[in-house]
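Geometric and topological summary
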Amino acid sequence: MPQFCDVAVPVPLDAIFTYRIPEDTPEPVIGGRVIVPFREKRLCGIVTELHDREPKFPTRRLSQVLDSTPSLRPELMHLGQWIAQYYIAPIGEVFRTMLPLSAEFRRIVGYRITDKGVVALHAAATGGSSLRSQKGPEQQDLEYAALNRLADGEIVREATLRSLAGATKSVLERLLRKKWIAREDLSDVRDASRTITFVTLKTVDGRLNANQRTIVEYLRGQDGQRASLDSLRELNVPRTTLQTLVRRGIVELTEEAAGFRVSGLKPRKLEFLFTPAQKAALEEISRAVDWRKFAPLLLHGVTGSGKTAVYLSVMQAVLGKGRSAILLVPEIGLTPAVAADLLQIFGDEVAILHSALSDDERAEQWKRIRNGDSHIVVGTRSAVFAPVLDLALIVVDEEHDHSYKQEEMPRYHARDVAVMRAKMSNAAVVLGSATPSLETYHNAVQGKYKLLELPERIEKRPLPEVEILDMREEFHRTKKDEVVCRKLVEEIGDRLSRHEQVMVLLNRRGYSAFVLCRECGESVQCKNCAIAMTYHKREHRLVCHYCGHMRPAPKTCPKCGSEYVQYLGAGSEKLEHILHGLFPQARIARLDRDTVRGRDDFERMLSALHAGEIDLLVGTQMIAKGHDVANVTLVGVVGSDAALSFPDFRAAERTFQLLTQVAGRAGRGDMPGKVVLQTFFPDHYAIQFAAAHDYHGFYEKEIRFRSWMHYPPFNAVSNVLVRSQKLEEALAWSGMLGKWFAGTRLEGVRVMGPAAAAIVRLKTEYRYHFLLKSASRERMNRVLRAMLDHADEKKIPRNHLVVDVDALSLI
């Protein structure tokens, strides 16, 4: 057995760590998980190499081997290494992202009292002053309570100290600094199998008290006289009552494996009656799959052209040959509808991977895929790492969507990772969209991707008519700043009278965008971010949509005390309120992050919409993607051109995509659709081309601007962000890097900055950034790595630097 193993550990360091393998430990495998000591913690890492080369420095011993077979097969190991190289991300962080098995390794922190802590506790108990604190008597009491709870010398979990001794994080940190307590890592491996405990009624013998009768009568009313333990908790009877019934043999407890619900939506009626364009696309994709070589294809089809039917038909053929396919969707909200279609066709072969699942559910689904029990996978961006066997096809639906770009380490783009995985696996990859990103369409124009077009809707249904309403003229006529113009109100009333359904988009959450004092002119800012807080009327509070900070809505100005506080701007909550007032008889619902917290909420909302139980649906961009509701004949767009004012070179592209996508929700059934688009920029080319459903016209105009300004797809763009909770540190570090960039020969790479980020303070951190452009990704990569080396020399902490390769957001 090898003496050493190299392990990728999930820490923000660009390094692999070597550990000695104990003789009494099972031999680890490359791609397998191991538990290793790292500083004061125990971490779960991935083995990258086994060898007998003894390092020149002392090595620590491996703690535990978790896998006898690789969790990451060689092809996924290579993919992870490519991601780490391309996106300049620590390899350990990449592997952790690829493996959704955190449920099997619990991070548990405990504390024990030290000898110094015992002395301090004794002094305090005898009237000494060891616990004297600058924080005041209340903090002294909390410190004493924590030490007293640890007095017997046993290790106590942090959660126990918090609940029983009231020890906050700051109290524990102070005790650690004084060296009165020591932190211990109690992390351990657990079984992540999901089970459900059932209670079954066996026999009723003897007298029962009132609580016991409640449980017995409830069980008698259930099928098979059994119910889950969770359902019994809703009866509000003491836990000891059930324990007594078990002891008397009246009921029996059994554990069974928990089931998994792929989708709660009713599947659509699927009839694959293809148009000539669909047949041509299907044949081309099928040939690419059968070729068993890397084949990238762009399926560009207008909204309602039947792209999903093409995907499903190809996936059906893939499964028929015993091979596997992955379907990526941009939003968790789209997963239930797509999963319902897949379940109808493929049955138990379907697995789901996305962040709305619990850790245990994700681990369970991942294992089904790895074991070959599922050959069809649907999910959001992380599903691109699904460990399928014999991968034949990856489909990236709505490939333009920015949700595919992860905004935390590692900052990969799932679309580009899908293309690279297909290349490494000799598989076909299909990128589908009605509004492809400029980068993807440019690759198709240049011949790097095969371009497949679906220019018409199925059954020759017409694209919706789009009417542009100039809100400047509306203001001149009404002298009011109305959220919903008269024409849109009239159109909504007409559709509702005909029992048709309506969608209205306002891509901003909350009731009012900000709160302004008319006396001093100040808006109420978030205490953690340099951004105005949004008013939410239902909870009567202000919320920061970036960090989540909340505070009660003020009655007076927090700065000057004036009573002249005004709530300005409109969000989806206010739009819903206005429409309720205009159409009191209509059944109105709202779809945004405030009304939909989990996949069950989303499924209930979509089920009601498809069943015709909702007349008018208001929402943010969540209503714009992928929904196919035949009875929706009108779409209203309110205030969605505000993004054109953002300091972002992609603002026009994003606006065009959003408007085109939401317009595509109208007229997908037998009745023609219409879109009413309110805008303050009626002459902007993004608005005009979206109204004309003219992607090619928009592409030709936008691509010229990108070429002139050396933006993607002609140049690669990376964003380097320097952040710190201390302003002086952020300024000093960005200054150091700025001097390095200025004094270093950067052939073929242009650097702009440092400059304050658009939101200069976010989540308590001050932020300054550099924007790098280059026609050569290789040169860009070299410069970024050299910059990180210089930052290490200057002792700039790695976690205070964000390197975002192929950045989509510059905010």
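Now for a look at the structure at hand. The model shown is predicted, which means the values in this text are computed figures rather than measured ones.

1. Notes on the overall build of the protein chain
Secondary structure summary: the protein chain contains 24 helices and 36 strands in total. The C-alpha radius of gyration computed for the protein chain amounts to 30 Å, which stays within 12% of the reference 28 Å derived for 811 residues, consistent with globular compactness. The dimensions of the protein chain, computed from C-alpha atoms along their principal axes, are 85 × 80 × 70 Å. Expressed as a percentage of the 811 residues in the protein chain, the buried residues total 53%. Element-wise, carbon and sulfur atoms account for 49% of the exposed surface of the protein chain, whose accessible area totals about 37600 Å². Averaging the positions of the 113 positive and the 101 negative side-chain charges in the protein chain gives two centres separated by 3 Å.

2. Points about the environment of Thr214
If you trace the backbone, Thr214 turns up in helix 7 (residues 210-220). Taking C-alpha positions, Thr214 is 9.7 Å from Asn236, a pair spaced 22 residues apart along the chain. Look past the residues within four positions of Thr214 in its chain and what remains in contact with it is Leu235 and Val237. There is a polar contact of 3.0 Å between the side chain of Thr214 and the backbone oxygen of Ala210.

3. Digging into a nonpolar patch on the surface
Taken together, Phe705, Trp708 and Met709 make up a surface patch of nonpolar side chains, about 350 Å² in accessible area. With respect to the helices, strands and loops of the structure, Trp708 is situated in helix 22 (residues 695-709). Looking at Trp708, the relative accessible area reads 56%, which means it is exposed.

4. Quick look at the pattern of salt bridges
A complete count under the given rule lists 47 salt bridges for this structure. Here Lys202 and Glu252 are joined by a salt bridge, their closest N and O atoms 3.6 Å apart. A residue pair is termed long-range when its members are at least 10 positions apart, and Lys202 in the loop between strand 12 (195-201) and helix 7 and Glu252 in strand 14 (residues 251-257) qualify at 50 residues. Between Arg477 and Glu473 there is a salt bridge, with the nearest N and O atoms lying 3.7 Å from each other. Here Arg477 and its partner Glu473 are both found in helix 16 (residues 471-478), 4 residues apart, which amounts to about one turn of the helix. Judged by its relative accessible area of 60%, Arg477 falls in the exposed class. Residues joined by salt bridges that share partners form a network here, namely Glu467, Lys487, Glu491, Asp494, Arg495, Arg498, Glu500 and Lys674.

5. Let's talk about the sheet that holds strand 22 (residues 465-470)
Judged by pairing direction, the sheet is parallel, and its 6 strands sit side by side in the order 22-32-31-23-30-29 without closing on themselves. Across the chains shown, the open sheet's two edge strands, defined by having one partner strand only, are strand 22 and strand 29 (588-591). On average, adjacent strands in this sheet sit at an angle of 15° to one another, irrespective of strand direction. Relative to strand 32 (residues 674-679), strand 22 runs parallel, the two sharing 6 bridges. Along strand 32, the bridge assignment pairs Glu465 with Lys674. Across the sheet, helix 16 lies against strand 22 and strand 32, angled at about 50° from strand 22, the strand it touches most. The strands touched by helix 20 (residues 651-663) within the sheet are strand 23 (501-505), strand 31 (632-637) and strand 32, with strand 31 carrying the most contacts at an inclination of about 155°.

6. Digging into the nonpolar core
Counting residues in each nonpolar core, the largest one holds 112 residues, and the members touching the most others are Ile83, Leu328, Val417, Leu617, Leu772, Leu784 and Met787. For Met787, the contacting residues outside a window of four places in its chain are Val720, Leu737, Trp740, Phe741, Leu801 and Val803.

7. Some remarks on helix 2 (residues 91-98)
Quick reminder: α-helices carry 3.6 residues per turn. Residues three or four places apart thus point the same way. In terms of burial, helix 2 is largely enclosed, as 6 of its 8 residues are buried. Next to the buried residues of helix 2 lie strand 1 (4-8), strand 4 (41-51), helix 1 (74-86) and helix 13 (359-370).

8. Details of the sheet that holds strand 16 (residues 324-328)
Strand order in this open sheet of 7 strands is 17-18-16-19-20-15-21, and the pairing throughout is parallel. The open sheet has two edge strands with one neighbour each: strand 17 (350-353) and strand 21 (450-454). On average, adjacent strands in this sheet sit at an angle of 20° to one another, irrespective of strand direction. Along the sheet face, helix 11 (residues 307-320) touches strand 15 (295-301), strand 16, strand 18 (376-379), strand 19 (391-397), strand 20 (428-433) and strand 21 and points at about 165° away from the line of strand 19.

9. Re helix 20
Taking 1.5 Å per residue, 13 residues should reach 18 Å; helix 20 reaches 18 Å between its end C-alpha atoms and fits that length. The buried fraction of helix 20 amounts to 12 of the 13 residues, a majority that puts the element mostly inside the structure. Turning to helix 20, its buried residues number three or more, namely Ala651, Ala652, Glu653, Thr655, Phe656, Gln657, Leu658, Leu659, Thr660, Gln661, Val662 and Ala663.

10. Comments concerning the state of the cysteines
Under the defined criterion, the tally for this structure stands at 0 disulfides. Cys544 takes part in no disulfide bond, and the closest cysteine sulfur, belonging to Cys526, lies 3.7 Å away. In this structure Cys544 comes out as buried when scored by relative accessible area, which is 2%.

11. Structural notes on the side chain of Ser774
Tracing the sequence through the fold places Ser774 in strand 35 (residues 765-774). Residue Ser774 is classed as buried on the basis of its relative accessible area of 1%. Of the polar contacts made by the side chain of Ser774, one reaches the backbone oxygen of Gly748; its length is 2.8 Å. The residues contacting Ser774, other than those within four sequence positions of it, are Asn715, Ala716, Gly748, Val749, Arg779 and Met780.

12. Here we look at unusual backbone geometry
Glycine aside, the phi torsion of most residues is negative, and most peptide linkages are trans. Each neighbour pair has its own omega, and for Pro712 with Pro713 the value is 15°, a cis peptide bond. Looking at where Pro713 falls in the secondary structure, it is placed in the loop between helix 22 and strand 33 (716-724). Geometrically, the link from Gly753 to Pro754 is a cis peptide bond, its omega value of 10° lying close to zero. Among the secondary structure elements, Pro754 is positioned in strand 34 (residues 749-762). Positive phi, close to 50°, is recorded for Asp390, a residue that is not glycine. Summarising the element assignment, Asp390 is placed in the loop between strand 18 and strand 19. Positive phi values are uncommon outside glycine, yet Asp806 reaches one of about 55°. Residue placement: Asp806 occurs in the segment after strand 36 (801-805).

13. Digging into the packing of aromatic side chains
Overall, the coordinates contain 18 aromatic pairs when judged by the stated rule. Each ring, one from Phe656 and one from Phe698, has its centre 4.3 Å from the other, and the planes form 0°; the classification is stacked. Here the residue Phe656 occupies a position in helix 20, and Phe698 occupies one in helix 22, the gap between them amounting to 42 residues. Comparing Phe656 with Phe698 shows no difference in burial state: the two are buried. Summarising the aromatic geometry, the rings of Tyr695 and Tyr699 are spaced 6.3 Å apart at their centres and angled 25° between planes, so their arrangement reads as stacked. One end of the pair, Tyr695, and the other, Tyr699, are both in helix 22, 4 residues apart, so they sit about a helical turn from each other. The exposure classification of Tyr695 matches that of Tyr699, with both residues buried. A network of ring pairs unites the aromatic residues Tyr441, Phe656, Tyr685, Tyr695, Phe698, Tyr699, Phe705 and Trp708 as a single cluster.

14. What to know about the packing of helix 10 (residues 276-291) against helix 11
At a closest axis distance of 10 Å, the pairing of helix 10 and helix 11 adopts a crossing angle of 35°. For the pair helix 10 and helix 11, the crossing hand works out as right-handed. Residues Gln278, Leu282, Ile285, Ser286 and Val289 of helix 10 pack against Ala309, Val310, Ser313, Val314 and Val318 of helix 11. A breakdown of the residues in the contact of helix 10 with helix 11 according to their chemical character gives 7 nonpolar, 3 polar and no charged.

15. Things to note about the packing of helix 1 against helix 24 (residues 777-793)
Closest axis-to-axis distance for the helix 1/helix 24 pair is 10 Å, and the angle between their directions is 75°. Classified by the angle their axes make, helix 1 and helix 24 are roughly perpendicular. Here Ala84, Gln85 and Tyr86 of helix 1 come into contact with helix 24, specifically with Arg777, Asn781 and Arg785. Taken together, the residues of the contact of helix 1 with helix 24 sort by class into 2 nonpolar, 2 polar and 2 charged.

Basis of the calculations
- Residues numbered from 1 in each chain as written.
- Predicted model: local features only at pLDDT ≥ 70, side-chain atom pairs only at ≥ 80, totals over all residues.
- Heavy atoms only, no water.
- Helix = DSSP H or I, 4+ residues; strand = E, 2+ residues; numbered from the N terminus.
- Rg over C-alpha atoms; globule rule 2.2 N^0.38 Å.
- Buried < 20%, exposed > 50% of the residue type's maximum accessible area, 1.4 Å probe, protein only.
- Areas by Shrake-Rupley, 256 points an atom, 1.4 Å probe, with all protein chains shown as cover.
- Lys, Arg positive; Asp, Glu negative; His and termini not counted.
- Charge placed at Lys NZ, Arg CZ, Asp CG, Glu CD.
- Contact = heavy atoms within 4.5 Å.
- Polar contact = N/O pair within 3.5 Å; in protein donor to acceptor, adjacent residues only side chain to side chain.
- Patch = residues over 30% accessible without salt bridge, like charges linked within 9 Å, V, L, I, M, F, W, Y side chains within 5 Å.
- Salt bridge = Lys/Arg side-chain N within 4 Å of Asp/Glu carboxyl O.
- Pairing = 2+ DSSP bridges.
- Axes fitted to C-alpha atoms, helices over the stretch in contact; angles between N-to-C directions.
- Core = buried A, V, L, I, M, F, W, Y, C linked by side-chain atoms within 4.5 Å.
- Expected span 1.5 Å × (residues − 1).
- Disulfide = S-S within 2.5 Å.
- Phe/Tyr/Trp six-rings, centres within 6.5 Å; stacked < 30°, edge-to-face > 60°.
- Left-handed = near helix turned anticlockwise from the far one by under 90°.
- Nonpolar A, V, L, I, M, F, W, Y, C, P; charged D, E, K, R; others polar.
- Parallel < 35°, antiparallel > 145°, perpendicular 65-115°, else oblique.

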